[in-house]
Amino acid sequence: MTAIATYRCPGCGRIWNADRLLWRCACGSHLNLTAGPGLERGEIVADDASLWRYAAALALRGPPHISLGEGWTPLVLREWCGVGVFFKLETQMPTGSFKDRGTAVMINHLLEVGVGPIHEDSSGNAGASIATYATAAGIPCRIYVPASAPRGKLVQIAVSGADVRAIPGSRQAVTEAALGASGESFYASHNWHPYFIEGTKTLAFELWEQLGFRTPDNILVPTGYGSNILGLERGFDELERCGEITARPRLFAVQAANCAAFAAAWEAGEDRFVPFAASSTVADGIATPKPVRIAEVLGAVRRSKGGVVAVGEEEIVPALTALGRLGLFVEPTAATAGAALTRLLGDATIGLDQTTVVVLTGSGLKAAEQVGELLGIAPGRSG
Ligand SMILES: [Zn+2]
């Protein structure tokens, strides 16, 4: 465990101690945690089957106050287009999505600095994750969601006892409702708070350890705001600084072409927001019109020598089916990574002899009704 961690503001350069309730800088910019001490192999708590096996590398003052057993998810080898590929089953987190990594570490940080009631906005999975961990920690919680979010996600949030506010209109309207409430309770935003990325960095540690302390060549991640991309970069940075790795994986940020902020900037050669036309997508979890850390995410992808891949709706459904046939039941958002893998293997961006990991970010149980409609599965039929 470390001494007091610090935030650095990429907007004005100000340094803040991370010993207080803060979700952004006084100048309005988001904040980033400064580099941590990193992780050495010998610091892993090998008999802890959760992300807390890496507690030594987390910027917290002490052991966690609350855990639901998050992390240490399976990494399974399956065949895709005739090639062996590793799938990281973040679907098997306590609330069924990768968000629990970020949430668990963020909520424990908030408990350390003395948080009261919180609120958050989410298309569903982060809301379910934060509502669940808030109730487990005894923190009152209000979640703003799009009125159009899949019912399963809304039910999951409501079951925690959180106050659910359904907002009609765009995803951005939901964010604005949450921003407007930031005087009433603490805005525990997974998209803004730096500790969320402190949690997602454990994905890098797990992949490295599960592959026998080696880095893969490629990692494909469905990307809306980019917290997994930033977590992976942070985690691999720390391992490299500690001399545990020498090679770095290429990071591929996968988007739905119908709402692809990163792809628009990537194709324009920019590292800032570029206006683009958005329409609806079955990949509701990554339909992000305006990512908070756009420059950092694009920079991480560039430094890794990876890329941004935008897949069409017509590619997502076949990938969802193909994953299902491998025994991997995922929500449409997660299936985008399978669609991107098909593309990158097809054009030889990814070689047949390379080690590739596809991060399956959310369970199909989250969106069973929607998956049924997409795949034309009629209820109640037999034979
Ligand atoms: Zn600032």
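Just so it is clear, the structure is predicted and the values come from calculations on it, not from any experiment.

**Describing the packing of aromatic side chains**
As enumerated under the stated definition, the model contains 7 aromatic pairs in all. A ring pair is formed by Y7 and Y195, whose centres lie 6.2 Å apart and whose planes are at 85°; its orientation type is edge-to-face. One end of the pair, Y7, is in strand β1 (residues 6-8); the other, Y195, is in helix α5 (residues 194-200), and 188 residues separate them in sequence. Accessibility assignment for this pair places Y7 and Y195 in one class, buried. Both rings, one in Y54 and one in F205, keep their centres 5.3 Å apart while their planes meet at 65°; by these two values the pair is edge-to-face. Taken together, the residues Y54 in the loop between β3 (32-33) and β4 (75-80) and F205 in helix α6 (residues 202-210) connect sequence positions 151 residues apart. Of the two residues, Y54 and F205, neither departs from the other in class, the shared state being buried. Among the aromatic residues, ring-to-ring pairing joins W23, Y187 and W192 into one connected group. The cationic tip of R14 hangs over the ring face of W16; the distance from NZ or CZ to the ring centre is 3.7 Å. Across the ring face of F213, the terminal group of R41 is positioned such that the distance to the ring centre comes to 4.4 Å.

**Re helix α9 (residues 294-303)**
Counting buried positions along α9 gives 7 out of 10 residues, so the element sits mostly inside the fold. When α9 is considered as a whole, its buried residues turn out to be I294, E296, V297, L298, G299, A300 and V301. Its buried side turned inward, α9 meets β3, α7 (227-241), β11 (250-256), α8 (261-267) and β12 (307-311). K305 occupies a position one or two residues after α9 and carries a positive phi of about 65°.

**Digging into the coordination of the zinc ion**
The coordination sphere of the zinc ion contains the protein donors C9 (SG), C12 (SG), C25 (SG) and C27 (SG), at a distance range of 2.2 to 2.4 Å. What the 4 donor atoms of the zinc ion show is an angle range of 106 to 116° at the metal, which sorts the shape as tetrahedral. Here the donor residues of the zinc ion share one chain and are spaced in sequence as C-x2-C-x12-C-x1-C. Of this pair, C12 sits in the loop between β1 and β2 (15-17) while C25 sits in the loop between β2 and β3, and the two are 13 residues apart along the sequence. Using a relative accessible area of 46% as the deciding quantity, one classes C12 as partly exposed.

**A short note on the nonpolar core**
In terms of nonpolar packing, the biggest core is built from 47 residues, with Y7, W52, I118, C141, I143 and Y195 touching the most fellow members. Look past the residues within four positions of I118 in its chain and what remains in contact with it is I107, I130, A134, I139, P140, C141, R142, S185, F186 and A188. Among the nonpolar cores identified, the runner-up in size contains 35 residues, and Y54, L239, I294 and V308 belong to it.

**With respect to the sheet that holds β1**
Sheet architecture is open: 3 strands sit in the order β2-β1-β3, paired in antiparallel fashion. Each edge of the open sheet is held by one strand with a lone partner, namely β2 and β3. Bridge analysis of β1 against β3 gives 2 bridges, and the strand direction is antiparallel. Paired with R8 across the two strands is N32, which belongs to β3.

**Some details on the pairing of β12**
With respect to burial, β12 is a largely interior element, 4 of its 5 residues being buried. Pairing of β11 with β12, which is carried by 5 bridges, proceeds in the parallel orientation. Paired with A253 across the two strands is V308, which belongs to β12.

**Overview of the environment of L110**
In this structure, L110 sits in helix α1 (residues 99-112). What makes L110 buried here is its relative accessible area of 0%. The sequence separation of L110 and Y195 amounts to 85 residues, and the corresponding C-alpha distance is 9.0 Å. The contact partners of L110, leaving out residues within four places of it in the chain, are L21, V115, F186, A188 and H193.

**Points about helix α10 (residues 313-325)**
Compared with the 18 Å implied by 1.5 Å per residue over 13 residues, the 19 Å span of α10 between its first and last C-alpha is a close match. Of all the residues in α10, the buried ones are I316, A319, L320 and L323. Down the axis of α10, the smallest arc covering the buried residues is 105°, so these residues share one side. Opposite the buried face of α10, by more than 90 degrees, sit the exposed residues E314 and R325. At its buried positions, α10 is contacted by β4, β5 (83-89), β12, α11 (332-346), β13 (356-360) and α12 (368-374). Phi for G327, located one or two positions after α10, is positive at around 85°.

**Thoughts on the packing of α10 against α11**
Orientation of α10 relative to α11, taken along the N-to-C sense of each, is 95°, at an axis distance of 7 Å. When the axes of α10 and α11 are compared, the pair comes out roughly perpendicular. Within the contact between the two elements, α10 uses E315, I316, A319, L320 and L323 and α11 uses P332, A335, T336, G338, A339 and R343. Taken together, the residues of the contact of α10 with α11 sort by class into 7 nonpolar, 2 polar and 2 charged.

**Overview of the environment of A56**
Secondary-structure assignment places A56 in the loop between β3 and β4. Judged by its relative accessible area of 24%, A56 is partly exposed. Taking the C-alpha atoms as reference points, A56 and L39, 17 residues apart in sequence, are found 7.0 Å from one another.

Reading guide: rules and limits
Residues numbered from 1 in each chain as written. Predicted model: local features only at pLDDT ≥ 70, side-chain atom pairs only at ≥ 80, totals over all residues. Heavy atoms only, no water. Phe/Tyr/Trp six-rings, centres within 6.5 Å; stacked < 30°, edge-to-face > 60°. Helix = DSSP H or I, 4+ residues; strand = E, 2+ residues; numbered from the N terminus. Buried < 20%, exposed > 50% of the residue type's maximum accessible area, 1.4 Å probe, protein only. Lys NZ or Arg CZ within 6 Å of the ring centre and 35° of its normal. Contact = heavy atoms within 4.5 Å. Donors = N, O, S within 2.8 Å, 3.2 Å for Na, K, Ca; no water. Tetrahedral: all angles 85-135°; square planar, octahedral: opposite > 155°, others 65-115°. Core = buried A, V, L, I, M, F, W, Y, C linked by side-chain atoms within 4.5 Å. Pairing = 2+ DSSP bridges. Expected span 1.5 Å × (residues − 1). Arc of directions from axis to C-beta. Axes fitted to C-alpha atoms, helices over the stretch in contact; angles between N-to-C directions. Parallel < 35°, antiparallel > 145°, perpendicular 65-115°, else oblique. Nonpolar A, V, L, I, M, F, W, Y, C, P; charged D, E, K, R; others polar.

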